[in-house]
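Next come the chains, spelled out residue by residue.
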Amino acid sequence: MAVVEMQKLSICASKKNRKAILELLQSMEAMQITTEGIDGKGLQKMDTLGQRTQFEKNAQSFDQAIRLLDTYAPVQQKGLSLFSEKKLVTRSEFREADQNQQKYLSDANSILKAEKELQECRAAIARDRDTITSLEPWMSLDVPMIFEGTRDTAFFIGTMTGTVTEADVLAAASRGLPDPAACTADIISTGLGQTNLTVLCLKRDAQKVSDNLREAGFAKLPFLTRHTPQEKKRRCEEDTKAQEARIGELTKQIAGYAGEREAFEISSDYFRTRAEKYRVLGTIPQSRNVFFLEGWVEAAHAEDIAKVLTDRFGAFVQKEEKREDEIIPTELHNNKWSSMVEGVLESYGLPQHGRVDPTFIMSIFYVFFFGMMLSDAGYGIMMMIFCGIVLARHKRLEKGMHQMIQLFFWCGLSTTFWGFMYGGFFGDAVDVVAKTFFGYTGPGIVRPLWFDPLNNPMRLLIYCMLFGLIHLFTGLGIKGYEYLKKGDVLSFVAEVLDWYMFLIGLILLLLPTDLFQGISQMSFAFPPFVHVLAQVLTFGGMILILTMQEHARKNWALRILLGVYDIYGVTSWLSDVLSYSRLLALGLATGVIASVVNMMGSMLGGGVLGAIVFILVFLVGHLLNFLINLLGAYVHTNRLQYVEFFGKFYDGGGLAFRPFRSANKYTEIKEEKVS
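Residues numbered from 1 in each chain as written. Predicted model: local features only at pLDDT ≥ 70, side-chain atom pairs only at ≥ 80, totals over all residues. Heavy atoms only, no water.

**Considerations on the overall build of the chain**
Put simply, the test is: Each helix is a run of DSSP H or I of at least 4 residues and each strand a run of E of at least 2, with the numbering of both proceeding from the N terminus. Here the globule rule reads 2.2 Å times residues to the power 0.38, and the radius of gyration is calculated from C-alpha atoms. Think of it in three bands: with a 1.4 Å probe and only protein chains considered, a residue is buried below 20% of the maximum accessible area for its type, exposed above 50%, and partly exposed in between. Should any heavy atoms of two residues lie within 4.5 Å, those residues are counted as being in contact. Computed with the Shrake-Rupley method and a 1.4 Å probe, the accessible areas treat only the protein chains shown as cover for residues. In summary, the charge assignment counts Lys and Arg as positive and Asp and Glu as negative, without counting His or the chain termini. Charge positions are represented by NZ for Lys, CZ for Arg, CG for Asp and CD for Glu.
Each helix and strand counted, the chain has 22 helices and 14 strands in total. Taking 675 residues into account, the globule formula puts the C-alpha radius of gyration at 26 Å, and the chain, at 39 Å, lies well above it. The buried share of the chain, reckoned over its 675 residues, is 45%. By sequence separation, contacts in the chain at least 24 residues apart represent 82% of the contacts at least 6 residues apart. A total of about 35,200 Å² of accessible surface is found on the chain, and carbon and sulfur atoms cover 59% of it. Taking the 70 positively charged and 73 negatively charged side chains of the chain as two groups, their mean positions are separated by 4 Å.

Here it is in structure tokens:
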């Protein structure tokens, strides 16, 4: 509900306490360290690239070892586990990684070495199988494949394209030789568009036969072996069995380290945290005896942090003012409920200091509009059950994930509410089941608590536009609050009050008209003074816009001309209000598609076959409808916040507060906090 006030601190301390102070600040997770504003003349910075690189390399080795353990010795989850979460470990367990880092690194490297050998074994098996496949057409050959003949003969082994006979080969090979030619040909096999063959001739005719065969399309084998094909196949099969046995041994060897998984996770976080510390250490300016750093902390904790640093390390700590070009980091403080939409706000842009934090107000509208768009009680209950299980089972989810799951839980509750208000529970599934399988002929069982939008869409459209107008007026009101907070009454009148008067007056003039009554099927009869009040507000607001909207300009003629143009901005308000018709469109789409799914499922009527078909169509159809409209509701709810609501007052531009902290990927540690 507010942007936390921040305070900048500068610290000067003895160089001998440098690492200890950084470790304390890292454990506190309370300061965003900056060094850009420190005058570095006469100071130098420590080169920490080598140590940082080594720590990161160690952390990566542990990460790779953990991934291999997940593959070869996966953790058996107890019950349903939907999301991974960090393990809670003590500070002493975390420090133990430092004492045993060499042992853990050695074990992790052993796993990586074993995995490398595993890959080599798998590659050898693949080569053996490829060799066997290539040898299959030559199994009837009873000489080594590198055999080239005897003292008096030459032997050719190769292939020819297409299907050829021994006579064809012999004729081609003996062309130009004395008749009868001292040459023979054997067909070993045919297939895959080629013929595998051998040719035997006298050594004196070898060159002539080789040339003849080449002209006929003969090609020597690309692979050779000093064994016969049968012997080579046997050797490959034996090697494959040996490699598979070795794979089994290496797999067991890796799995044998499963008991050290938690130690690896702690060690990985330990080295990653040290790498982060050395990254910061390398940015700190220092002299021969002292070092300097600056940082932002929450103003409420500034005195406590300064006291700790002074008492423990004798550091000199002083409060500083921000530089002219410096942006104060933004930290939001919201209650447990509204903090769930902080991620949605941050994706658009955090507020800068001095601006209103819209998180709380946005959270109300967000949940409200999301439910109107999805608007089916069955889908809402599904969301609530799923998100409730996740929140109950996973207490240490990453902050952003926890906020998102919590947000969807409340959106599910809102969806359930609007579903019952509209009379939708998986569309009209209850009525369809009752009529199709139980012969029920009475009135609808699940009736809307408010009204059915399918039967009266214009009524819902009017309410959607009303809710949208409230949303937009709230945004305009926040803008006015910011002006009054700064004491800028003139801007409040010129940019907020005049639009309230003008728009409210127009609305009061529009409501009693026949045009509005014809569209909405609703009638309004105001007493005469309301009509007079509407005219006063409309024309009073118009005059203020004409004369005050461009109050910064001294030229009155130009101011009024620009004011006329600003009045034209009422069309943007109309388009913004019409944008809320998406609340109607998506709500109707959910209900209509759900009803169509139920109708399709009940087309075969009652009976066993009809029940089976209905269940299948129901499950598949409603799951797809739920997922598609869930995505649509999420996207369009965000759009209503970002475009329509934020467009009235919000411009973001804040930078998130990123305190110097431990870089923990797997574990969560009870750190020392500032009280």
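**Notes on the packing of helix 11 (residues 359-374) against helix 21 (residues 581-601)**
When two helices pack together, their arrangement is given by the angle between their axes and by how far apart the axes lie. Threshold: Between N-to-C directions, angles cover 0 to 180 degrees, with each direction set by a line fitted to C-alpha atoms, over the stretch in contact for helices. An angle counts as roughly parallel when it lies under 35 degrees, as roughly antiparallel when it exceeds 145, as roughly perpendicular when it falls between 65 and 115, and as oblique in every other case. Side-chain classes are defined by residue name, with Ala, Val, Leu, Ile, Met, Phe, Trp, Tyr, Cys and Pro counting as nonpolar, Asp, Glu, Lys and Arg as charged, and the others, Gly among them, as polar.
Remark: helix 11 packs on helix 21, axes separated minimally by 6 Å, with the N-to-C direction vectors making an angle of 40 degrees. One way to sum up the angle between helix 11 and helix 21 is to call them oblique. Together, Phe369, Met372, Met373 and Leu374 of helix 11 and Arg582, Leu583, Leu586, Gly587 and Thr590 of helix 21 make up the contact between the two elements. Here the residues of the contact of helix 11 with helix 21 sort into six nonpolar, two polar and one charged.

**Remarks on the nonpolar core**
Threshold: Side-chain atoms within 4.5 Å link the members of a nonpolar core, which is a set of buried Ala, Val, Leu, Ile, Met, Phe, Trp, Tyr and Cys residues.
Of all hydrophobic cores here, the largest spans 70 residues; its most connected members are Phe370, Met372, Met383, Leu407 and Leu583. Here the element with the most residues in this core is helix 15 (residues 457-485); it accounts for ten residues. If we ignore the near neighbours within four places in the chain, the residues touching leucine 583 are Phe369, Met372, Met373, Cys464 and Leu640. Leu22, Ile111, Ala315 and Ile669 belong to the second largest nonpolar core, which has 58 residues in total.

**Side note on the pattern of salt bridges**
Defined as follows: Whenever Lys or Arg places a side-chain nitrogen within 4 Å of a carboxyl oxygen from Asp or Glu, that contact is recorded as a salt bridge.
For the structure on display, the rule yields 34 salt bridges. Residues glutamate 56 and arginine 52 are paired through a salt bridge, measuring 3.2 Å at the closest nitrogen-oxygen approach. Taken together, the residues glutamate 56 and arginine 52, both in helix 2 (residues 49-72) and four residues apart, mark about one turn of the helix. Glutamate 56 sits in the partly exposed class, given a relative accessible area of 33%. Look at arginine 52 and you get partly exposed, because its relative accessible area is 28%. Between glutamate 495 and lysine 479 there is a salt bridge; the shortest N-O distance is 3.3 Å. One end of the pair, glutamate 495, is in helix 16 (residues 489-510); the other, lysine 479, is in helix 15, and 16 residues separate them in sequence. Salt bridges sharing common partners tie together Lys8, Glu294, Arg323, Asp325 and Glu326.

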